[in-house]
Amino acid sequence: MASVVELTHYPIKGCAGTSVREAPLTPAGLAHDRGFMVVGEEGLGRTQRRDPQLALIRPAVSADGGRLTLQAPGFDTLELRVDTAAARRKVDLFGTVHQGIDQGDTAAEWFTEVLGGPSRLVRVPPEHDRVTDGRTPGTSAYADSCALHVLSRATLDLLNRKLAERGVPPLPMNRFRPNIVVDGWDEPHTEDRAHRIRIGDTELGYAKLAIRCAVTMVEQETGAKAGPEPLRTLAGYRRAAEGGVAYGTKYAVLRTGTLSVGDAVDVTSWGDSEL
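Residues numbered from 1 in each chain as written. Predicted model: local features only at pLDDT ≥ 70, side-chain atom pairs only at ≥ 80, totals over all residues. Heavy atoms only, no water.

A.B. asks: Please clarify how the overall build of the protein chain should be interpreted in this entry.
C.D. replies: A count of helical and extended segments in the protein chain gives three helices and 18 strands. Relative to the compact-globule value of 19 Å for 275 residues, the protein chain shows a C-alpha radius of gyration of 18 Å, a close match. Its C-alpha atoms put the protein chain at 50 × 40 × 35 Å along the principal axes. Within the span of the protein chain, comprising 275 residues, buried residues form 52% of the whole. Counting contacts in the protein chain only where the partners sit at least 6 residues apart, residues at least 24 apart contribute 69% of the total. Summed over all atoms, the accessible surface of the protein chain reaches about 12100 Å², with 48% contributed by carbon and sulfur. (Helix = DSSP H or I, 4+ residues; strand = E, 2+ residues; numbered from the N terminus. Rg over C-alpha atoms; globule rule 2.2 N^0.38 Å. Buried < 20%, exposed > 50% of the residue type's maximum accessible area, 1.4 Å probe, protein only. Contact = heavy atoms within 4.5 Å. Areas by Shrake-Rupley, 256 points an atom, 1.4 Å probe, with all protein chains shown as cover.)

A.B. asks: Even after reading the chapter, I still don't get the state of the cysteines, so can you show me in this structure?
C.D. replies: Covalently bonding the sulfur atom of one cysteine to the sulfur atom of another cysteine gives a disulfide. Evaluation of the coordinates by the stated rule reveals zero disulfides. Distance from the sulfur of Cys15, which forms no disulfide, to the nearest cysteine sulfur (Cys213) is 15 Å. Residue Cys15 is classed as buried on the basis of its relative accessible area of 0%. Note on Cys213: no disulfide assigned, nearest cysteine sulfur contributed by Cys146 at a separation of 15 Å. (Disulfide = S-S within 2.5 Å.)

A.B. asks: Just to check I follow, could you spell out the sheet that holds strand S3 (residues 22-26) for this structure?
C.D. replies: Strand-to-strand pairing in sheets goes through backbone hydrogen bonds, with the strands running parallel or antiparallel. In spatial order, the strands read S4-S3-S17; together these three strands make up an open sheet with antiparallel pairing. Here the strands that pair on one side only, and so sit at the sheet edges, are strand S4 (29-30) and strand S17 (257-260). Summarising the sheet, S3 and S4 pair through two bridges and their orientation is antiparallel. Each residue of the ladder has a partner; that of Thr26, found in S4, is Gly29. (Pairing = 2+ DSSP bridges.)

Take a look at the structure:
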């Protein structure tokens, strides 16, 4: 039987994730997932595409969401009280304008020093009403697109076998930054065809394939970026019909609840892969 074997939320977009045994599932995904974002000048969101050293920043959010702790190698730990009342400012997420709540000068100075360029930290406002696309519409905070990214161990095992054929060392799961890792599906890329999933008291709806970018070339433990793998190998067998390479699947939240490691993953509706 397929089950959840890893749950990870990423409090700050582009920064390191936090693995948990249990997490509330909200309409926007796992609690605290991509609720914050680092922006540069003009409010442009920073990602590992241009700032791979974001991977070295380890944020932790308190259970109530009221406090944020920031750590990075070689820098002092910073603890912040999360501000939800400050004035909103415009932020740019891949060309779309959203609102963010600036978290103050102390946070800005810390990120500017760590990243080596003008930076500020913003939080998604409570009134955030972003609508995400795909076969099942939904919402998310500052994630690239949909609320949840799901990947199976069988899918990673296949890629690592293909990398081994090229003499390339295996990649860890965190290279792909999924929220939910599923084990027990025998066939790689079963997530492509799982169009409705029930996990515990929650339900997920298939939105679209996850089109991969240069972030997959960033070593999450070191922040080092080195290509061309895995994109070169993926391009040989995972080219999407609409362009790019697809790896993993994005889902919208149909029913909220609680997710736990060990929960059974029950596919209630199957469909054809969009690859």
